[in-house]
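Now for the letters of each chain:
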Amino acid sequence: MKTPALLALALLAVSMHASAQDAAGTPQQSPAPASGTTQVKLCDNKTTVQVSKDAPKTREEGQKISDSLMAQWKAANPGKDWVQAEVEAHQVVTPEDNSKLVGTGQSSTYGAVTQQDVQVWNNETYKMAVYGSTVFHSSDELGSDIAVSCDMCHPRAANTHPETYPKFQPQLGRVALLRDMINWCIEHPVRGKVLAPDDPKMRALEAYILAQRKGVPLDYGKR
Amino acid sequence: MSDDMNDKLKIPHIRSVETRHLEEREALFRGLRNLDRRAFLKASGGAAAAAVAAGVTYPFHSFLPINVAYADEGGAAQGFNFAYISDSHLYVKKTNERFVRQLLRAVDDVNSLDPQPDFVLYGGDLAQLGRREELDMGAQILKSLKAPVHMMAGEHDWYYDMGEHWNTLFGPEHYSFDHKGVHFVVLMSVHEKDFWSARGMSPAERMHTVAGLDNAVQSAFEVGAPQREWLKQDLDKVSATTPVIVFSHSPLYKLYRPWNFWTDDAEDVQAILQRFDHVTVLHGHTHQVLTNRIGNIQFHGMLSTAWPWPYAPQGLPALTVQMNRPNPFDANDGLGDGSVAVHPDGLVDKLYNLWNRNPMQVKASYLSSGGKSDIPVAPTLSSY
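Residues numbered from 1 in each chain as written. Chains lettered and ligands numbered in written order. Predicted model: local features only at pLDDT ≥ 70, side-chain atom pairs only at ≥ 80, totals over all residues. Heavy atoms only, no water.

A.B. asks: What am I meant to see in the overall build of chain B here?
C.D. replies: Tallying secondary structure elements over chain B gives 12 helices and 12 strands in all. Relative to its full complement of 384 residues, chain B shows a buried share of 58%. For chain B, contacts bridging at least 24 residues in sequence account for 72% of all contacts bridging at least 6. Carbon and sulfur atoms provide 53% of the accessible area of chain B, an area that totals close to 15,800 Å². (Helix = DSSP H or I, 4+ residues; strand = E, 2+ residues; numbered from the N terminus. Buried < 20%, exposed > 50% of the residue type's maximum accessible area, 1.4 Å probe, protein only. Contact = heavy atoms within 4.5 Å. Areas by Shrake-Rupley, 256 points an atom, 1.4 Å probe, with all protein chains shown as cover.)

Pasting the structure below:
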């Protein structure tokens, strides 16, 4: 469920359709648009909302439209609120809260850091760690041949010691990075599919493992 | 490296430290096994000293007839041995053969004990997902044990059909029996309050939730009021001087709630056991060497045959000497089985037979002395 849901959540953008040949709306929606309205469709190509043609083109109106679409989408896709569901089952340490930076310095836009900047940094970072948690806890996501997942031996990522990398691993015959050790554990105890270094799952696993050790000083080379 | 390569490089035949160590260890045990009882009593001190001199830190192997040391002492009860196997987490064989092989190894270990233990405790979590086929296969494998088996249930055996098939195979989940003057109680300590109905979970979803150690959706383990009542009544007829040994799957104390290393009504159960002079609790679930004492009660963990667990980041009892952090490159490290030598007074020496490492013994005298004497040797790599 994870990857498609991740994509779907990112689909807050709405596309405007003046016509509505496909009557794929939800029960609340009349299949054909009333005259004088525009049909707005979600990127799933199904969920729609009718908007009066002369509704004011303001930010508030836009927000209403997207809220309505997302509420429908969530109702039609229960269990797809994967971040919340994952966090309810498996605690994931939250990233540094940077809100003390609000009003200071220069952000991605010209001007001071806004509350919204901080929220975006926080949400996006957390979401990646949470996605890592779903992979870490799922033998299917890891492609395990023997139904084994990481949490079976590392509850809440205990004993993964990411702060000790890089370090020399004689059995690997070289200095290992965290991802080398993750791959070793995927291949051996888990008997899953080794991941490319830039595979989204590998990136997410690293994010989750590092997140769980937040606050522990770096100590590369430690055994 | 091939032999002629060795010749060319003029490297004499070198045996590694590990090889030499294992050879010495093997020779020691072979020698000890061949001694008769009386000779053993005389020789064991010297053998142990020789072993220590040779750098062997844990000279006693689980398969030694430890009970003979007490056989001549007399007293009300006799000393005896029993063995344990625990936490095998079997999936059906076509899903995961590794865990099946590991249980077979433990069965071989126990069957090769000479003399045979009086009985074998199975410590719970025979199955991984509580399926009928998993439990059936486990029962089949345990049938090949030569000694009689006492079964205990774990959460992985239970939450698919709420113990229905386990009960069919093995009988009631809590019971008691007497053996050579010791009163044994087997508890079912992993009941959970209903978290599944309100969420509309299927049996498989319920099982998966409980199977995740760090899954926070589930409730805490508990013995529960009805079983505590049963325990009270069962112990009513037992005198305070009778040694009591309790088996529970979860530790009967509160260690670390986020991993359910925990029994929610532990204090209530401890209170029921308070009146006895000597009480020992043996628990599974934690997959590691774990030692604790609360008042008159001594607690020991059991090793798993499936996978080792890290030590909890908080709440570790002060008396616990950790086992070495397992080596991830050795698939059987941190795993094993073990045995328990029961003294005539009912207190026990607990042996952790760690596969691929020296066994680790935690003696009653270590616990009785509050950790002052017979301290087990600390490992090189402890958890952090």
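From this point on, the discussion continues.
A.B. asks: It is not clear to me how the overall build of chain A should be interpreted in this structure. Could you clarify?
C.D. replies: Of the regular secondary structure elements, chain A holds 6 helices and 5 strands. Residues counted as buried form 41% of the 223 residues belonging to chain A. In chain A, once contacts between residues fewer than 6 apart in sequence are set aside, the share between residues at least 24 apart is 53%. Carbon and sulfur atoms form 56% of the exposed surface of chain A, whose accessible area is close to 12,300 Å².

A.B. asks: Is there a simple way to think about the interface of chain A and chain B in this case?
C.D. replies: Accessible area lost upon the coming together of the parts serves often as the stated size of an interface. Counting residues at the interface gives 29 residues for chain A, matched by 28 residues for chain B. Broken down residue by residue, the surface that chain A buries against chain B is led by Met152(A), Pro155(A) and Arg156(A), which jointly contribute 23%. At the surface where chain A touches chain B, the tally comes to 11 residue pairs in polar contact (both at pLDDT 80 or more). The residue inventory of the side of chain A that touches chain B, partitioned by class, reads 12 nonpolar, 8 polar and 9 charged. (Buried area = accessible area lost by both parts, 1.4 Å probe. Polar contact = N/O pair within 3.5 Å; in protein donor to acceptor, adjacent residues only side chain to side chain. Nonpolar A, V, L, I, M, F, W, Y, C, P; charged D, E, K, R; others polar.)

A.B. asks: Help me understand the nonpolar core in this model?
C.D. replies: In a soluble, globular protein the nonpolar side chains are often hidden away together inside. Ranked by size, the top nonpolar core spans 129 residues in total, and within it Phe82(B), Ile85(B), Leu103(B), Phe184(B), Val246(B) and Phe247(B) carry the most contacts. Not counting chain neighbours up to four residues away, the residues in contact with Val246(B) comprise Val185(B), Leu187(B), Leu252(B), Leu273(B), Val279(B), Thr280(B), Val281(B) and Leu282(B). Within the second largest apolar cluster, 9 residues are counted, among which are Ala55(A), Ile65(A), Leu69(A) and Trp73(A). (Core = buried A, V, L, I, M, F, W, Y, C linked by side-chain atoms within 4.5 Å.)

A.B. asks: In this structure, what is going on with helix α6 (residues 200-212) of chain A? I would like to understand it.
C.D. replies: Residues spaced three or four apart along an α-helix point in a common direction, a consequence of the helix completing one turn every 3.6 residues. Residue and element names in this part refer to chain A. Spanning 13 residues, α6 covers 18 Å between terminal C-alpha atoms, matching the ideal 18 Å at 1.5 Å per step. Among the residues making up α6, those that are buried are Met202, Ala204, Leu205, Glu206, Ala207, Tyr208, Ile209, Ala211 and Gln212. Residues of α6 that are buried sit in contact with α4 (115-136) and α5 (178-187). The backbone nitrogen of Lys201 has a side-chain oxygen 2.8 Å away, supplied by the residue at the start of α6, namely Asp199. (Expected span 1.5 Å × (residues − 1).)

A.B. asks: Please clarify how the sheet that holds strand β12 (residues 360-362) of chain B should be interpreted in this entry.
C.D. replies: Residue and element names in this part refer to chain B. Read across the sheet, 6 strands follow the order β3-β2-β1-β10-β11-β12 without closing on themselves; strand pairing throughout is mixed. If you trace the sheet from one side to the other, it starts and ends with β3 (149-151) and β12, each paired once. Taking each pair of neighbouring strands and ignoring which way they run, the sheet shows an average axis angle of 20°. Sheet analysis places strand β10 (residues 336-342) next to strand β11 (residues 348-354), joined by 7 bridges and oriented antiparallel. In the strand pairing of β11, Gly336 is matched with Leu354. (Pairing = 2+ DSSP bridges. Axes fitted to C-alpha atoms, helices over the stretch in contact; angles between N-to-C directions.)

A.B. asks: Quick question: what am I supposed to make of the environment of Val100(B) here?
C.D. replies: All names here are of chain B. Along the chain, the position of Val100 falls in helix α5 (residues 97-111). Given a relative accessible area of 5%, Val100 falls into the buried group. Linking Val100 and Val244, residues 144 residues apart in sequence, is a C-alpha distance of 33 Å. Those residues in contact with Val100, other than ones at most four positions away along the chain, are Leu90, Tyr91, Lys93, Met137 and Ile141.

A.B. asks: Looking at this structure, how should I read the packing of aromatic side chains?
C.D. replies: Centre-to-centre distance and the angle between the planes together describe a pair of aromatic rings. Residue and element names in this part refer to chain B. Applying the stated criterion to the full structure yields 23 aromatic pairs over all chains. Between Trp307 and Trp309, the aromatic rings sit 5.7 Å apart at their centres with planes inclined by 75°, giving edge-to-face as the arrangement. Three or more aromatic residues joined by ring pairs make a cluster, and in this case those are Phe80, Phe82, Phe119, Tyr175, Phe177, Phe184 and Phe247. Cation over ring: Arg131 sits above Tyr160, and NZ or CZ is 4.1 Å from the ring centre. Seen from the ring of Tyr352, Lys350 lies directly overhead, with NZ or CZ sitting 3.5 Å from the centre. (Phe/Tyr/Trp six-rings, centres within 6.5 Å; stacked < 30°, edge-to-face > 60°. Lys NZ or Arg CZ within 6 Å of the ring centre and 35° of its normal.)

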